[in-house]
Amino acid sequence: MSRLLSSVLIFCFIILICPVNQAQTLQRNPNDLPLGFPEIKVEKSIDPLPGYFFITPLKSANHYIIILDNFGNPIFYKDAPWSAHDFKLQPNGQLTYFDVKERCFFALDSMYRVVDTFRCGNEYAGMTDMHELRITPDGHAFLMAYDPQIVGMDTVVPGGHPKATVIGLIVQEIDKNKDVIFEWKSWDHYKITQTADWVNLTDSIIDYVHGNSIEIDSDTSLLISSRNFNEITKIDRRTGDIIWRFGGKMNQFKFINDPIGFNVQHSIRLMPDSMNISIFDNGGGHSPVPFSSAIEYSIDEINMTATLVN
């Protein structure tokens, strides 16, 4: 895909997917769009691949979930007064997005009707996080929650706050009945001091993990991305034990063809038709000038190497 979309917005999430139901195509007269609809402008279009962009503009007076065609025309939109996130196509054909006000994910069918909701279970229902929802072909769903706890950080680091709010990470798998069948807690596996050096452990509020994506690696394992650890972690879905840690202070891999690694990463994914891993490297820690990029590693779990291939 060779195209750049620009707008009056500062940030948005963009995902390219397969075509959606053409029966729902909107009229493409810009004058038909609501007042205050985000302005979208195509600056470059050089034979782009067929498909659509899903965006959830964040820095706008009015919030929408939007599907755009290759001309920048909205073929579907829905207002989200309290802002929305993570708008994407799931393997079962449903479209999902996170509603900030309701603190849950809504699922839409091919006619864009809300047909299901997803939120964490147990005591974390009202704490469902916006970063990720993965629905598997069997109807199970993986979600995250952020879990703030009061911690006496004065016993952990010099100068620590005696009653700091430290935010942990909860990962859950729920079945078709919305029952929790797997739950993983960062408190049981991550030490607070293993977070990145730029996380201030003397603050009164400490986001020490900041999980932001989940990938189902196999029937027995999954991957999670922990932004504030600069780390991708492989977890055993049966026991919750950590299998390996990639990146950050606890890195177990040798980087090949990549002298700088990644940091503050998002969007861990397995590449189609391979076991390679793709990551969006925010790259805020790269020096002398920070830069972002999409990167792909070939992971050798026997020799514990990670080779940058793209």
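Residue positions are counted from 1 within each chain, in the order its sequence is given. Confidence filtering applies because this is a predicted model: local features only for residues at pLDDT of at least 70, side-chain atom pairs given and counted only at 80 or more, and all residues used for totals across whole chains, interfaces and linings. The side-chain values count all of the structure's non-hydrogen atoms but skip hydrogen atoms and water molecules.

### Structural notes on the nonpolar core
Nine residue types can take part in a nonpolar core, namely buried Ala, Val, Leu, Ile, Met, Phe, Trp, Tyr and Cys, and a core is a set of them joined through side-chain atoms within 4.5 Å. Accessible area is worked out with a 1.4 Å probe on protein chains only. A residue is then buried under 20% of its type maximum, exposed over 50%, and partly exposed in between. With 26 residues, the main nonpolar core has Met153, Val166, Leu169, Trp184, Ile206, Tyr208 and Ile224 as its most contacted residues. Helical segments are the DSSP runs of H or I of at least four residues, strand segments are the runs of E of at least two, and each set is numbered from the N terminus. For this core, the secondary-structure elements that each account for two or more residues are strand 12 (141-151), strand 13 (164-174), strand 14 (180-185) and strand 17 (221-226). Looking at this core element by element, the count peaks at 5 residues for strand 13. Any two residues having at least one pair of non-hydrogen atoms within 4.5 Å are treated as being in contact. With residues up to four places along the chain from it excluded, the contact list for valine 166 reads Asp147, Pro148, Gln149, Val151, Met153, Trp187, Ile192, Ile206 and Tyr208.

### Some words on the sheet that holds strand 9 (residues 104-108)
Read across the open sheet, the 4 strands follow the order 7-8-9-10; overall the sheet is antiparallel. Each edge of the open sheet carries a strand with a single partner, namely strand 7 (84-89) and strand 10 (114-118). Across the sheet, the axes of successive neighbouring strands diverge by a mean angle of 20°, strand direction being ignored. Alignment of strand 9 against strand 10, held across 4 bridges, turns out to be antiparallel. Bridge pairing in strand 10 links leucine 108 to valine 114. Strands pair, by our definition, only if DSSP identifies at least two bridges between them. Orientation is described by lines fitted to C-alpha atoms, with helices fitted over the stretch in contact, and by angles between N-to-C directions that extend from 0 to 180 degrees.

### Section: the packing of aromatic side chains
Working definition: a ring pair exists when centres of Phe, Tyr or Trp rings (six-membered ring for Trp) sit within 6.5 Å. Plane angles under 30 degrees give stacked, over 60 give edge-to-face, the rest tilted. Enumeration over the complete set of coordinates arrives at 20 aromatic pairs. Here a set of aromatic residues connected by ring pairs shows up, and it is made of Trp244, Phe246, Phe253, Phe255, Phe262 and Tyr297. Seen from the ring of phenylalanine 118, lysine 178 lies directly overhead, with NZ or CZ sitting 4.7 Å from the centre. Two limits define a charge over a ring: the Lys NZ or Arg CZ must be within 6 Å of the ring centre, and within 35 degrees of the ring normal.

### What to know about the pairing of strand 7
Most of strand 7 is tucked away, with 5 of its 6 residues classed as buried. Across 4 bridges, the pairing between strand 7 and strand 8 (residues 95-99) is antiparallel. By the bridge assignment, lysine 88 is partnered in strand 8 with threonine 96. Once strand 7 ends, the chain turns through 5 residues before running back antiparallel as strand 8, passing glycine 93 with a positive phi of about 90°.

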